[in-house]
Amino acid sequence: MAYLTDRKRAAGMGSAKSGTDHHWKMMVTSVALVPLVIAFIFTFGAVLGQPYEAVVAYYQRPMPAIIAGLTIFVSFYHFRGGVQTMIEDYVKGFARKAAIIGMICLSYFAAAAGVFAVVRLAL
């Protein structure tokens, strides 16, 4: 039975060296999402309940399309970082790697589909 201090257990483990970068990206995207979501609510609320032709005409204007595309992209990027943190904290072994890869693929696919839908409406 080994009696180790906390310092001895941690010695040699090193750091992941990516925590600060990840935290910084999460903070930047969360701050960026505040005005984007507010602007998206106002731009989307203007056409909520309108017929399809009115929505297409509205999103053919550059500002609503840019706001919608940026909101979708930044929110899925923020989602990817948050879910990756959850997976790293609670999943172990091979399942961790598989879940992270699957989540990254899913989030980028969903972001691309959302931006593609906005571009399709705008053009």
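Placed above this text is the structure.
Every value quoted in this text rests on a predicted model; they were computed, and no experiment measured them.

What counts as what
- Residues numbered from 1 in each chain as written.
- Predicted model: local features only at pLDDT ≥ 70, side-chain atom pairs only at ≥ 80, totals over all residues.
- Heavy atoms only, no water.
- Core = buried A, V, L, I, M, F, W, Y, C linked by side-chain atoms within 4.5 Å.
- Buried < 20%, exposed > 50% of the residue type's maximum accessible area, 1.4 Å probe, protein only.
- Helix = DSSP H or I, 4+ residues; strand = E, 2+ residues; numbered from the N terminus.
- Contact = heavy atoms within 4.5 Å.
- Expected span 1.5 Å × (residues − 1).
- Phe/Tyr/Trp six-rings, centres within 6.5 Å; stacked < 30°, edge-to-face > 60°.

What follows is about the nonpolar core. Generally speaking, soluble globular proteins have nonpolar side chains that are buried together. By size, the foremost hydrophobic cluster in this structure holds 8 residues: Val47, Val55, Tyr58, Tyr59, Ala65, Ala68, Ile72 and Val118. When contributions to this core are tallied by element, the ones reaching two or more residues are α3 (52–59) and α4 (62–90). If sequence neighbours within four positions are ignored, Tyr59 has contacts with Phe40, Thr43, Phe44, Val47, Pro64, Ala65, Ala68, Leu121 and Ala122.

With 29 residues, helix α5 (residues 94–122) should reach 42 Å at 1.5 Å per residue; the first-to-last C-alpha distance of 42 Å fits that figure. Within α5, the full set of buried residues consists of Ile100, Met103, Ser107, Ala111, Gly114 and Val118. Those residues of α5 that are buried lie in contact with α4.

Turning next to the packing of aromatic side chains. Evaluated as defined, the whole model comprises 3 aromatic pairs. Here Phe40 and Phe44 contribute two aromatic rings whose centre-to-centre distance is 5.5 Å and whose plane-to-plane angle is 10°, an arrangement assigned as stacked. Within this pair, Phe40 and its partner Phe44 are both found in helix α2 (residues 19–45), separated by 4 residues, close to a single helical turn.

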